[in-house]
Amino acid sequence: QVQLVESGGGSVQAGGSLRLSCAASGNPYNRQTMGWLRQAPGQEREGVAAIYTFEGGTSYSDSVKGRFTISQDNAKSTLYLQMNSLKPEDSAMYYCAANDLWARQPLAQSKYTYWGQGTQVTVSS
C-alpha cells in the first residue's frame, strides 16, 4: 500500500523558486522508483525528474536540467523537487509518482503505478 501526498505548489514570478514535497507512505521497497511528472492543459503528461529510491541515481528532462533538483530524505519518506529559475512554461499540475520496481525509463509516465493528487504550479511572466 502506497499513498502519495504533494504539497508546496503555488504562484511565483518567472525566475523565482519553489520546493515541492511529496509525503510517501508504505514500505520503500514498494516504491523503488520515484518521480515528478507534470501536465499542462492540452498537453501530454511529462516526466521531469526521477530518482531511484535505493540507488540514488537521478534523471531529468532536458527542459528542466540544471534548474530542478530531485531529492529525498534519509528515511525515504519524503520526496522533494527544488525548482529554480522558473519559467512560464513550467506552469502545470505536478504529480508525485512511484513504481514498485526499478524502471529503466523513469521519466516515462507509463512506468508509474502510484500517483498523488497533484499540486498546481503557476509561473507568471
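Up top you'll find the structure we're talking about.
Computed from a predicted structure; not experimentally measured. (Residues numbered from 1 in each chain as written. Predicted model: local features only at pLDDT ≥ 70, side-chain atom pairs only at ≥ 80, totals over all residues. Heavy atoms only, no water.)

Novice: Mind laying out the state of the cysteines, listing which residues take part and the relevant values?
Specialist: Evaluation of the coordinates by the stated rule reveals one disulfide. Disulfide partner of Cys 22: Cys 96, at an S-S distance of 2.1 Å. When the S-S torsion is -75 degrees, as for the bridge of Cys 22 with Cys 96, the disulfide is left-handed. Pair noted here: Cys 22 is in strand 3 (residues 18-24) and Cys 96 is in strand 9 (residues 92-99), with a separation of 74 residues, a long-range link. Of the two residues examined, Cys 22 and Cys 96, each falls in the buried class. (Disulfide = S-S within 2.5 Å. Helix = DSSP H or I, 4+ residues; strand = E, 2+ residues; numbered from the N terminus. Buried < 20%, exposed > 50% of the residue type's maximum accessible area, 1.4 Å probe, protein only.)

Novice: Explain the pairing of strand 7 (residues 68-72) residue by residue, including any values.
Specialist: When strand 7 meets strand 8 (residues 78-83), the two strands line up antiparallel, connected through five bridges. Its bridge partner lying in strand 8, Ile 70 is registered against Leu 81. Linking strand 7 back to strand 8 in an antiparallel pair, the connection comprises five residues, with Lys 76 at a positive phi of about 60 degrees. (Pairing = 2+ DSSP bridges.)

Novice: Can you lay out the side chain of Asn 99 for me, pointing to particular residues and giving the numbers?
Specialist: By the secondary structure assignment, Asn 99 is in strand 9. Since its relative accessible area comes to 8%, Asn 99 is described here as buried. Discounting chain neighbours no more than four positions away, the residues touching Asn 99 are Asn 30, Arg 31, Gln 32, Thr 33, Lys 111, Tyr 112 and Thr 113. (Contact = heavy atoms within 4.5 Å.)

Novice: How would you explain the environment of Gly 116 if you had to name every residue and give the values?
Specialist: Position of Gly 116 relative to the elements: it lies in the loop between strand 10 (114-115) and strand 11 (119-124). Remark: the alpha-carbon pair of Gly 116 and Glu 6, spanning 110 residues in sequence, is separated by 6.4 Å.

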